Amino acid sequence: MRYAILGDIHSNVEALRAVLDALDQQPFNGLLCTGDLVGYGASPREVIRLVRDLEPTVLVGGNHDWAAAGRLPLEYFNPFARDAILWTRKVLDRHDLEWLGRHPALVVRGDVTVSHGTIHDPEAFDYLQSAYDAHLSFSQLRTPYAFVGHSHVPVTFRSGTAVTYMIGDVVELGDAAQAVMNVGSVGQPRDEDPRAAFGIFDVKSRTLEVHRVEYDVEAAAARIREAGLPEFLGDRLRIGR
Ligand code: ZN
């Protein structure tokens, strides 16, 4: 079994198209989507359409998806994110908004758990960033593998007597009983690498590959400007922050 993993697309259709082109060269038989299809970027409709057509094996809702759908209060968001959520509500029709709010924050399927935020409190949409966060999540995790999003930074945690923290393009899980993996963000990377990120996880070899692909950042930034969204949301795409 080979899973393709993508998430935090954030209405960036240029980045998503580049990732889908790259996925054409990567055979996989399950697609896991870790949430946040919308928010920040200017192409929510196009992103929703593409993701629906992919028919993901698992699709969870992210905090921006839920907020656009009216399922999460806006006070949790910074002013830039709030502007983008209000704009997203305006440009999507009721059908798309309802669809965004329909996906649970955490899904368990076979040997994988998928959540946008943490495993231990998925609907709080907290970041899973530290070894301590991972420790709390491992205490609730019932499958060998978990994929999370939200932080937009690729990182893997392995369970064991001490939770280990790993980064890199190729991560081998070795004999760890469980692992929580974040493959980074398609549409708004924050690890100072502006390229779009996605993952391929091979269950048999227990290896995660984090792939990065160039895309037309200027086109995505221009679309954000033309939509009247905060200029900062385009600027940050250029630096990957
Ligand atoms: Zn996000």
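Owing to the predicted nature of the structure, the values given are computational and were not obtained by experimental measurement.

## Examining unusual backbone geometry
Across the chain, the bulk of peptide bonds are trans and the bulk of non-glycine residues have phi less than zero. Positive phi values are uncommon outside glycine, yet His10 reaches one of about 50 degrees. Summarising the element assignment, His10 is placed in the loop between strand E1 (2-6) and helix H1 (13-23). Phi angles above zero are rare outside glycine, and His152 is one such case at about 65 degrees. If you trace the backbone, His152 turns up in the loop between strand E6 (145-148) and strand E7 (155-158).

## Section: the coordination of the zinc ion
Around the zinc ion, the protein supplies Asp8 (OD), His10 (NE2), Asp36 (OD) and His152 (NE2) as donor atoms, at distances of 2.1 to 2.6 Å. Considering all 4 donor atoms around the zinc ion, the spread of angles at the metal, 87 to 178 degrees, places the coordination shape in the irregular class. Of note, the donors binding the zinc ion are all from one chain and are spaced D-x1-H-x25-D-x115-H. Here the residue His10 occupies a position in the loop between E1 and H1, and Asp36 occupies one in the loop between strand E2 (30-33) and helix H2 (44-54), the gap between them amounting to 26 residues. Residue His10 shares its accessibility class with Asp36, and that shared class is buried.

## Points about the nonpolar core
Formed by 49 residues in total, the largest nonpolar core has its most connected members in Leu6, Ile9, Leu37 and Leu100. At 8 residues, H1 tops the list of elements feeding residues into this core. Setting aside chain neighbours within four positions, we find Leu100 in contact with Leu37, Val38, Ile48, Asp65, Trp66, Ala68, Ala69 and Leu92. Of all hydrophobic cores here, the second largest spans 19 residues; its members include Ile5, Val107, Val183 and Val210.

## A look at the sheet that holds E6
The strand order across the open sheet built from 6 strands is E4-E5-E6-E10-E7-E8, with neighbouring strands paired in mixed fashion. Edge positions in the sheet fall to strand E4 (106-109) and strand E8 (164-166), since each has one partner strand and no second. Across the sheet, the mean angle separating the axes of adjacent strands is 15 degrees when strand polarity is ignored. Summarising the sheet, strand E5 (residues 112-115) and E6 pair through 4 bridges and their orientation is parallel. Looking at the pairing, Ser115 lines up with Val148 of E6.

## Remarks on helix H7 (residues 217-226)
Turning to H7, its buried residues number three or more, namely Val217, Ala220, Ala221, Ala222 and Ile224. Packing partners of the buried residues in H7 comprise H1 and helix H8 (232-239). Two residues or fewer past H7, Gly228 is found with a positive phi of approximately 80 degrees.

## A closer look at the sheet that holds strand E11 (residues 196-202)
On the basis of which strands lie adjacent, the open sheet formed by 6 strands has the order E3-E2-E1-E11-E12-E9 and mixed pairing. Looking at which strands have only one partner, the edges of the open sheet turn out to be strand E3 (58-59) and strand E9 (170-172). Relative to E11, E1 runs antiparallel, the two being bridged by 4 bridges. Within E11, the position partnered with Ile5 by the bridge is Gly199. In this fold H1 packs onto E1, E11 and strand E12 (207-213), with an angle of close to 30 degrees to the strand it touches most, E11.

## Overview of the pairing of E1
A large share of E1 lies buried, amounting to 4 of its 5 residues. In this structure, E1 lies alongside E2, joined through 4 bridges in parallel fashion. Of the residues in E2, the one forming a bridge with Ala4 is Leu31. For the segment spanning E1, H1 and E2, crossover handedness is right-handed.

## Considering the environment of Ile239
In this fold, Ile239 is placed in helix H8. Among the residues examined, Ile239 registers a relative accessible area of 52% and is labelled exposed. Ile239 sits 51 residues away from Gln188 along the chain, and the two C-alpha atoms are 9.8 Å apart. Ignoring any residue separated from it by four or fewer positions in sequence, one finds Ile239 in contact with Glu192, Asp193 and Pro194.

Conventions and cut-offs
- Every chain is numbered on its own, with residues counted from 1 as its sequence reads.
- Since the coordinates come from a predicted model, pLDDT governs what is reported: local features require at least 70, and pairs of side-chain atoms require 80 or more to be given and counted, while whole-chain, interface and lining totals use all residues.
- By convention in this description, side-chain values take in all heavy atoms of the structure and omit both hydrogens and water.
- To qualify as a helix, a DSSP run of H or I must reach at least 4 residues; to qualify as a strand, a run of E must reach at least 2; elements of each kind are numbered from the N terminus.
- Water is absent from the atoms considered, so a metal site may look incomplete; donors are defined as N, O and S atoms within 2.8 Å of the metal, or 3.2 Å for Na, K and Ca.
- Only four donors with every angle between 85 and 135 degrees are called tetrahedral; only four or six donors with opposite donors over 155 degrees apart and all others between 65 and 115 are called square planar or octahedral, in that order; all others are irregular.
- The classification of residues rests on relative accessible area computed with a 1.4 Å probe and restricted to protein chains. Under 20% of the type maximum is buried, over 50% is exposed, and intermediate values are partly exposed.
- Residues belong to one nonpolar core when they are buried, are Ala, Val, Leu, Ile, Met, Phe, Trp, Tyr or Cys, and are joined through side-chain atoms within 4.5 Å.
- Contacts are assigned to residue pairs that have any heavy atoms within 4.5 Å of one another.
- Strand pairing requires that DSSP identify at least two bridges connecting the strands.
- Axis lines are fitted to C-alpha atoms, over the contacting stretch for helices. Their N-to-C directions set the angle, which ranges from 0 to 180 degrees.
- Convention used here: a crossover is right-handed provided that the path from the first strand, over the helix, to the second strand proceeds clockwise when the strands point away from the viewer.

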